[in-house]
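# Examination of the molecular architecture
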Amino acid sequence: MEIENRREGDVEIIVLEGEMDGEHAIPLRNLVDNLVKDGTDKILLDCSDLTYMNSAGMRELIAIYKLIIQNNGSLKFVNLQDDIKELFNFTNLSNIFSIYDNLEQALGDF
Amino acid sequence: MSESSNFLQSLPFIEKNELNITINSSYSEKRKLLEFLVNHFKLLHFDDEGSLVFNLKLALDEAITNAIMHGNKKIEQKKIYIKILLTRKRIRCSVKDEGEGFDYEQVLSRSFPDLMSESGRGILLINKLMDSLSFGGRGSEIIFEKLK
């Protein structure tokens, strides 16, 4: 999985590309950990090019979500591909994750 | 030659509609196998059928991960035997490890774990994604089917 991040206002946008399993998610967890330590409290995961995720990837996302929430921050997801959106739906993760269909909408809702 | 090419050359038989593959209990071998199988499924135009390739890959991924972690206890030398039967109407997969099995009835009796739980989704994902699920060897073999 490729990870790129950029700042837009006070929101850190992390762009994910490729496949997320437990191992590939470690750099993402490290990045979020550093961002949170540096005081970033608004994080947006852009999943436009995230093509696959297994349960280990989901486990990492939940860990990241907990880390951000425990530090009084906010995590949002944008542009999930249909297969992953379906996965979040039937595992009920869509009930805890804030998911948006476009970037502007997500940014405007922080 | 790349590591991946070597791995593919080592893959055993693909006879007509049946794939019989044995791998070590290794995440890198799992990843290479899944890549190979996805390409194989695409050659068969399974990707014309909505989420079929994604769902098959995920079910196999979860079954092999369980075999590595829980069945073979991450002992790399222990083998995982994967059998995939492709017919016109269905895809039947079997993943067998060298472990002692597990109480699958107890696992299947659960619903998806607590929303915030970081684990416990693998077998339930397979059950949800596939059209049938059964076990052999007291749980050391998982068998699942997807109708086309």
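Before reading on, note that the structure itself is shown above.
Residues numbered from 1 in each chain as written. Chains lettered and ligands numbered in written order. Predicted model: local features only at pLDDT ≥ 70, side-chain atom pairs only at ≥ 80, totals over all residues. Heavy atoms only, no water.

### Some words on the packing of helix 1 (residues 26-37) of chain A against helix 2 (residues 55-70) of chain A
Residue and element names in this part refer to chain A. Running from amino to carboxyl end, helix 1 crosses helix 2 at an angle of 5°, the nearest separation of the two axes being 10 Å. Considered as vectors, helix 1 and helix 2 are oriented roughly parallel to each other. Residues Leu28, Arg29, Val32, Asp33 and Val36 of helix 1 pack against Glu60, Leu61, Ala63, Ile64, Leu67 and Ile68 of helix 2. When grouped by side-chain class, the residues that make up the contact of helix 1 with helix 2 number eight nonpolar, no polar and three charged. (Axes fitted to C-alpha atoms, helices over the stretch in contact; angles between N-to-C directions. Helix = DSSP H or I, 4+ residues; strand = E, 2+ residues; numbered from the N terminus. Parallel < 35°, antiparallel > 145°, perpendicular 65-115°, else oblique. Contact = heavy atoms within 4.5 Å. Nonpolar A, V, L, I, M, F, W, Y, C, P; charged D, E, K, R; others polar.)

### Focus: the pattern of salt bridges
Evaluated as defined, the whole model comprises 12 salt bridges over all chains. Between A:Glu23 and B:Arg31 there is a salt bridge, and its shortest N-O distance comes to 3.3 Å. Of this pair, A:Glu23 sits in the loop between strand 2 (11-20) and helix 1 while B:Arg31 is found in helix 2 (residues 27-43), placing the two residues in two different chains. For A:Glu23, a relative accessible area of 46% corresponds to the partly exposed category. B:Glu145 is the salt-bridge partner of B:Arg92, the closest N and O atoms lying 3.6 Å from each other. Here the residue B:Arg92 occupies a position in strand 4 (residues 90-96), and B:Glu145 occupies one in strand 6 (residues 141-147), the gap between them amounting to 53 residues. (Salt bridge = Lys/Arg side-chain N within 4 Å of Asp/Glu carboxyl O. Buried < 20%, exposed > 50% of the residue type's maximum accessible area, 1.4 Å probe, protein only.)

### So, the interface of chain A and chain B
Accessible area lost upon the coming together of the parts is a frequently used measure of interface size. With 24 residues of chain A at the contact, the number on the chain B side is 18 residues. Counting the surface lost from both chain A and chain B, the interface buries some 2,000 Å², and carbon and sulfur atoms represent 61% of this. For the chain A face of the interface with chain B, the top three residues by lost area are A:Tyr52, A:Asp83 and A:Phe90, together amounting to 30%. For the interface between chain A and chain B, the tally reads three salt bridges. Taking the shortest distance from any N to any O, the salt bridge between B:Arg31 and A:Asp21 comes out at 3.5 Å. The interface formed by chain A and chain B contains six residue pairs in polar contact (both at pLDDT 80 or more). Contributions of two or more residues to the side of chain A that touches chain B are made by strand 3 (42-53), helix 2 and helix 3 (82-90) of chain A. The dominant element in the side of chain A that touches chain B, judged by the number of residues it contributes, is helix 2 of chain A, at seven residues. Taken together, the residues of the side of chain A that touches chain B sort by class into 11 nonpolar, seven polar and six charged. (Buried area = accessible area lost by both parts, 1.4 Å probe. Polar contact = N/O pair within 3.5 Å; in protein donor to acceptor, adjacent residues only side chain to side chain.)

### Some points on the pairing of strand 1 (residues 2-8) of chain A
All names here are of chain A. As judged from the seven bridges shared by strand 1 and strand 2, these two strands associate in the antiparallel manner. Paired with Glu2 across the bridge in strand 2 is Glu17. Where strand 1 folds back on strand 2, the antiparallel hairpin that results is connected by two residues, among which Gly9 adopts a positive phi of roughly 65°. (Pairing = 2+ DSSP bridges.)

### Regarding a negative patch on the surface
On the surface, A:Glu2, A:Glu4, A:Glu17 and A:Asp49 cluster together into a negatively charged patch. Among the residues examined, A:Glu2 registers a relative accessible area of 54% and is labelled exposed. (Patch = residues over 30% accessible without salt bridge, like charges linked within 9 Å, V, L, I, M, F, W, Y side chains within 5 Å. Areas by Shrake-Rupley, 256 points an atom, 1.4 Å probe, with all protein chains shown as cover. Lys, Arg positive; Asp, Glu negative; His and termini not counted. Charge placed at Lys NZ, Arg CZ, Asp CG, Glu CD.)

### Here's the deal with the nonpolar core
Core analysis: the biggest nonpolar cluster contains 71 residues, and A:Leu45, A:Phe88, B:Leu60, B:Ile84 and B:Phe144 have the highest contact counts within it. Per-element tally for this core: the top contributor is helix 3 (residues 52-71) of chain B, with 11 residues. What A:Leu45 contacts, discounting residues up to four positions off in sequence, is A:Ile14, A:Leu16, A:Leu28, A:Leu61, A:Leu75, A:Lys76, A:Phe77 and A:Val78. Residues A:Val11, A:Ile13, A:Val78 and A:Leu103 belong to the second largest nonpolar core, which totals seven residues. (Core = buried A, V, L, I, M, F, W, Y, C linked by side-chain atoms within 4.5 Å.)

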